[in-house]
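# Survey of secondary and tertiary structure
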Amino acid sequence: MDGSLRFRAVTLTLFLVFLTLAAIDPKFCYGISEVHCIQSEQQALLRFKTDLTDPLNRLASWAGDGDCCQWKGVVCNNVTGHVQELNLRSFPPPLLEYFSIDAQYEAAIQSYAQSMFGGKINPSLLDLKHLFSLDLSYNNFGLFPIPVFLGSMKSLKYLNLFGAGFGGLIPPQIGNLSNLHYLNLGGFGYNVLSVDNLQWLSSLPFLQVLDLSGVDLSQASDLLQVTNKITSLSELWLSHCSLGSIPPTPNSNFSSLATLDLSFNSFENTLIPSWVFGYQNLVALNLSANGFQGPIPIGLQNMTSLKHLDLSFNNFNSSIPHWLYSFSHLEFLNLRKNLLQGKISSSIRNLTSAISIDLTSNQLDGKVPRSLGNVCNLRELRLSDNKLSQEVSKILESLLRCVSYGLEVLEMYVAQLSGHLTEELGQFQNLTTLSLAGNSIWGPIPISIGKLSSLRFLDLSSNQFNGTFPQSFGGLSKLEYVFIGGNMLEGVVSETHFANLRRLKELSTTPTRLTLKVSPHWIPPFQVVILGLGSWILGPNFPLWICSQKQVWSLDISNTNVTDAIPPLFWNMSSQFNYLNLSHNHFYGEIPNIPVTLYPSSVIDMSSNSFNGSLPLISSNVSFLDLSNNLLSGSISHFLCYKKNEPKQMELLNLGKNLLSGNISYCWENWQKLLVLSLRNNNFTGSIPASIEHLSLLKSLHLSNNKISGKLLHILKNCTDLEIIDISENQFFGIIPSWIGQRHSSLIILNLRSNNFHGSIPKQLCALTSLQILDLSHNKLFGSIPGCVNNLTAMASTSHNILQDLFVVDGDSVDFERALLVIKGQVLEYTTNLGLLRTIDFSKNNLSGEIPKEVTSLQGLQSLNLSFNNLTGRIPENIGAMGSLESLDFSENQLSGRIPPSMSNLSFLSKLNLSMNNLSGKIPSSTQLQSLSASSFIGNKLCGPPLTDNCTINYAKPDTKDKGSSGGRDVDWFYVEDIKGDGLLTCCSPKISDP
């Protein structure tokens, strides 16, 4: 190689080395070996740090003897050393994809809360003259105002205070930051900011991104007028801003605007503001959750550049407009939760760019068009909660044409689907989410489900799947969430079914009658956080493998045929449960103390077992405790008074149907959050303690079937929210206090049955307009029935069910409210259908006087029992107006007169007892009355079916030997007959008959 070539080669080599070093460190270009932080700026940062709170010492690197350019969150200019960026944001955990909080996620939330910076913002930041980016987002500055001095940091181009915990008015001095390109003051739920006006925005000519999400703009009538002047604006985020209205402005100039978010506002007009339609260059438009009504407006049809359109959570009630299907650039379409009707058009094939289509929760009907299978870019398809009325296999067959290869999310729950899943399901190998819950899909779960190797979320619950659970399920190594409850699956599930489910977090299969057969020493490959195996067959031995689940906080093994003592290893886990359901098994032994639970509002249900011994001491964090229907015995005092200085979180306490005894005890002042209290079916004695008056939130009180005595003290007056009082089958005495009707206007059930109350029925009870069940039977009451019973308006209703679920756990109503009632002559326990009943029972007292005619206005009443009293007079003529009556008992009184003909109108009547009165005449004719037992009418002077007496009675006959003037015919002068057909017998009408 000659010299010139060698020189050129060496030169090229050196140049490449230079470029490489420059790429590694740009300072090399300037011959600078090392750039240090400017001393004055370092001191400014240290003063700034002094006023910050930093619980986790994230700024440990900010030391006085260090180089601030090396400090965490600080970025310096590589040439000058000036501080240019200050990034002190905190990092909340990402939003949950499947709405299932586990211990890991809760730990992440707590870690985030601890990591947030707080305190004050020191003005020393003004010394950072070259700072162009300041990020303090996702912190907690105690709702202090945004510092006014930030408006003097004119070098800033990027300011992010999203969710930083500031409050008050946004200082208009922010408008002095004339170089800003990015301004984010949003953060609903984190910031509490507002404005009087937005004129200060006019001074930000270079602004490209403006996020005011969550800022109260209800007073800012100049929004459009101001933002219209910012010609560089490309993104405008105004979600959750309380925008009642936005006055339009002439000559709108939003040609640069690409993103507009107006979601979650409170627009006064139910139509989309017309000025929105002028921004035809929009790429993303979010109008969700604004209550817009009517058809999807045609004004949107010119926005053909849209890639993202969100109209969800409104009340649009048209069909999907045909022009919408022509948006060929549209990638994300969200029409969820509207009132859209009609069919999905085959023109959906034209949405060729669509990645996500969400039509959930509308009123769409008809079949899914096969042309949907031509939308080959589709990754997410949500059609749930519609009326598709189609076989699921047909939809999958359509999607196989193109979509199946890329589809990741397929949701069609509660869509009126039928048919069965075919083995073609296995071709959707990219699916991460499959939800088909709440349909009528039948047949076995296909074996090919094991080919869905990407699947993370599977919900097949509440269908009609039958057969065994496929072993191929065990190959779904990425599966995290499984819901298969509410089907007809049966057979054995083994370890193989779970072999590779290492990522499983939630297994919810309640109720399902599968049988689990695993080795006694089996250790599952997963660590779940939610485990629901209710109604499986796990027994007879306790499933020890559950003790290996160290992260589980929700466990349901109710009704699983286990007959065993619970091992100590499991009880040692009790503090980690937020939800624990062991009910309806045959567990025995003592329940140990559970003094600590890690979660507030914990739920424990151990009802319907054979636990014995004394009541355990329970953590004050527990909000729901059901130990009913066991063999627990002894006093309740130690339980109530445990940690007596620590307020209890308990809202529902059910200790009913045990062997508990002694006084009800005191210490109720610590249980002030109680909504429902049941101590029924025990052996409690004594009176109601005075401390009960502290339960001012109490809605339901069950003390029935004990030996509690005394008067109904005034202490219950403070419990004004009571909806249910059941103190039946005790030894209470005295009069029924009138304040029950005055202080407890919300009462729905009042059951004082089988006590020793005396006196009259107070008229004030008629003020209980919500009352559905009133039982005062088996007492010593006297006097008349109040004529104001027609004011019990809930009993006059035939449609409205006032009694709602008093307690909801994990989204499901708790089967807790129950009452023993005498209906149709039988003592029955009503539970889930209790709220549908409307009954009055005043039987077995000493009531007198007439049955008030006003009772016939109670047309919703299903059972009326006034038997075994001293009532007189007639049955009200309009009794037939009580069209809902199924059971009517007036027996063992002194009622007289005829049975009103209108009683034949009681078409639902299946139990009638009028026996042992002084009724007379013919029983009215109707299919319903004649089908009843004759015993319903005995002990009266009645005739006609179903009695054998047919109302024709010959008391005597004249001498038939004298044919005389009768012309040889016999004359029966004492024939008794119902001539008028009104049930009254007429005597002495002659009847002449041939010999």
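Criteria and thresholds
- Sequence order as written defines the numbering, with residues in each chain counted from 1.
- Selection of residues for local features in this predicted model requires a pLDDT of at least 70, selection of side-chain atom pairs for listing and counting requires 80 or more, and totals for whole chains, interfaces and linings are taken over all residues.
- Side-chain metrics in this entry use all non-hydrogen atoms of the structure; hydrogen atoms and water are not considered.
- UniProt positions are given in the numbering used here, feature names are shortened, and annotations may be inferred rather than shown by experiment.
- For the purposes of this entry, the term helix denotes a DSSP run of H or I that reaches at least four residues, the term strand denotes a run of E that reaches at least two, and both are numbered from the N terminus.
- Throughout this description, buried means an accessible area under 20% of the type-specific maximum (1.4 Å probe, protein chains only), exposed means over 50%, and partly exposed covers the range between.
- Residue contacts are defined here by distance: any two heavy atoms, one from each residue, within 4.5 Å place the two residues in contact.
- Accessibility throughout is a Shrake-Rupley quantity obtained with a 1.4 Å probe, and a residue counts as covered only by protein chains that appear here.
- Think of pLDDT as the predictor's per-residue confidence, scored from 0 to 100.
- A helix is expected to reach a length of 1.5 Å times the quantity of its residues less one.
- We define a salt bridge as a contact between a side-chain nitrogen of Lys or Arg and a carboxyl oxygen of Asp or Glu at a distance within 4 Å.

The name that an unreviewed UniProt entry assigns to the protein is Leucine-rich repeat-containing N-terminal plant-type domain-containing protein, with the source organism given as Lithocarpus litseifolius. Here the protein is described in UniProt, under the heading Subcellular location (unreviewed entry), as follows: "Cell membrane". Database annotation for the protein, UniProt heading Sequence similarities (unreviewed entry): "Belongs to the RLP family."

### Some thoughts on the overall build of the protein
A tally of helices and strands in the protein yields 10 helices and 68 strands. Counting every position in the protein, which comprises 995 residues, the buried fraction comes to 53%. Here the contacts in the protein between residues at least 6 apart in sequence split such that 56% fall between residues at least 24 apart. Accessible surface for the protein amounts to roughly 42300 Å². Of this, 52% is attributable to carbon and sulfur atoms.

### Considering the UniProt feature "domain: Leucine-rich repeat-containing N-terminal plant-type" (unreviewed entry) in the protein
Following the UniProt record, one finds the feature "domain: Leucine-rich repeat-containing N-terminal plant-type" (unreviewed entry) at residues 39–77. Helix makes up 31% of residues 39–77 and strand 13%, and the two end C-alpha atoms of the span are 14 Å apart.

### A closer look at the confidence of the model for the protein
When pLDDT is averaged along the protein, the result is 88, and 87% of the positions lie at 70 or above. The low-confidence segment residues 805–814 (pLDDT under 50) makes 21 contacts with residues lying over four places distant or belonging to another chain.

### Digging into helix H2 (residues 39–50)
Between its first and last C-alpha atoms H2 spans 17 Å; for 12 residues at 1.5 Å apiece the expected length is 16 Å, and the two agree. For H2, the set of buried residues is Glu41, Gln42, Ala44, Leu45, Leu46 and Phe48. In this structure, the buried side of H2 is in contact with strand S1 (52–53), strand S2 (74–76) and strand S3 (83–87).

### A word on the pattern of salt bridges
Per the stated rule, a full pass over the model turns up 11 salt bridges. Among the ionic pairs, Lys505 bridges to Glu480, the shortest N-O distance being 3.8 Å. Of this pair, Lys505 sits in the loop between strand S29 (492–493) and strand S30 (506–508) while Glu480 is found in the loop between strand S26 (464–467) and strand S27 (481–483), placing the two residues 25 residues apart along the sequence. When the shortest N-O distance is used, the salt bridge between Glu729 and Arg753 registers 3.4 Å. Of the two residues, Glu729 sits in the loop between strand S46 (724–726) and strand S47 (731–735) while Arg753 sits in the loop between strand S48 (749–751) and strand S49 (756–759), which places them 24 residues apart along the sequence. Using a relative accessible area of 25% as the deciding quantity, one classes Glu729 as partly exposed.

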